[in-house]
Amino acid sequence: MAQLLDGRALSCQLGPALRSRVAALHRPPGLAVIHLGDDPASAIYVNSKRKRAARLGFFQRSLTISADTTQADLLALVADLNGDDAIDGILIQLPLPAQIDATTVLDAIRPDKDVDGFHPRNVGLLSQGRPRFVACTARGCMALLAQSQVAVCGASAVVIGRSNIVGRPMAMLLEKANATVTLCHSRTRDLPDLVAQADIVVAAVGRPRFVQGSWLKQGAVVIDVGINRLEDGGLVGDVDFASALPRCAAITPVPGGVGPMTITMLMHNTVDSAERRQGRG
Ligand code: GUN
């Protein structure tokens, strides 16, 4: 039977060590979470992040602002947070409304407060194999793999999806851990054949139950990053869980797999930042 890679359980397990790092700081870690508009899915994610930060005793600036905020106003807010010494991490929940150029705004966040790891400086450091802030979902997937004791070194890994948020940083982390990585996307030919070669499959495409169990090599490890809301209200991943389960050695459930780890790694990145900014990192 496949091992379930339980992100809730791992998040709980990592809690005490994180709490003692928070307790050792001169002042609580400071996190600013900016959310534009009223997209219900984003509101749920943002609330989970704020709740977790509150439970850990972080100082927070929670900024939920109107969907028609101008780019200039958002940039002014980022500049204010960049200069606020109580803030160690700035997160702008994506996606952003159409009038905002996400690249311009994300590039304006100070790299040493970029707890999402999206700034080109942090992406560049990761690509050179000397990571500082690493995108939270990718960092969370690596923590799940580490916990499962899957041998990443020398493994063949297929990452499906080349987003800056998940696919690209995930491919870089797997490569840094000495996997041989194939980064697949919507134009990839013969995707099932490539997946069939993989010891590790990471699905981050945003299409419900896209990856079929029949594509998987027997004994593969499957990390499902997808969180797709069905019309009946149910949540499913990018992998067809029922058909994947009998073929794989380990798999992340949806919900309760990667999702909680994204939030946990945001907390870790914020504590890392606070330690560095207080000269303890
Ligand atoms: N939207 C979906 N995932 C993420 C994430 O990891 N960070 C931010 N800022 N927005 C997201």
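Our subject is the structure listed above.
Overview of the structure. (Residues numbered from 1 in each chain as written. Predicted model: local features only at pLDDT ≥ 70, side-chain atom pairs only at ≥ 80, totals over all residues. Heavy atoms only, no water.)

**Quick word on unusual backbone geometry**
The line we're drawing: Strands here mean DSSP runs of E at least two residues long; helices mean DSSP runs of H or I at least four residues long; both are numbered from the N terminus. Note on classification: 1.4 Å probe, protein chains only; a residue is buried when its accessible area is under 20% of the maximum for its type, exposed when over 50%, partly exposed between these limits.
Along the chain, Leu94 connects to Pro95 via a cis peptide bond; the corresponding omega equals 0 degrees. The peptide bond linking Val254 to Pro255 adopts the cis configuration, its omega dihedral lying at -5 degrees. Note on placement: Pro255 falls in the loop between β11 (250-251) and α10 (258-277). Although it is not a glycine, Gln149 adopts a positive phi angle of roughly 60 degrees. Despite not being glycine, Asn178 shows a phi value in the positive range, around 70 degrees. Exposure remark for Asn178: the relative accessible area of 49% places this residue in the partly exposed category.

**A look at the sheet that holds strand β2 (residues 30-36)**
This is how the line gets drawn: Two strands pair under a simple rule: DSSP has to find at least two bridges between them. Axes here refer to lines fitted to C-alpha atoms; in helices the fit is confined to the stretch in contact. Angles between the N-to-C directions go from 0 to 180 degrees. Any two residues whose heavy atoms approach within 4.5 Å are treated as being in contact.
Ordered by their spatial adjacency, three strands build an open sheet running β3-β2-β4, and the pairing between neighbours is parallel. Looking at strand neighbours, the two that pair on one side only are β3 (59-65) and β4 (89-92), the edges of this open sheet. Direction aside, neighbouring strands of the sheet carry axes that sit 10 degrees apart on average. With seven bridges joining them, β2 and β3 adopt parallel strand pairing. Paired with Ala32 across the bridge in β3 is Arg61. Relative to the sheet, helix α3 (residues 71-82) contacts β2, β3 and β4, its axis offset from that of β3 by approximately 175 degrees.

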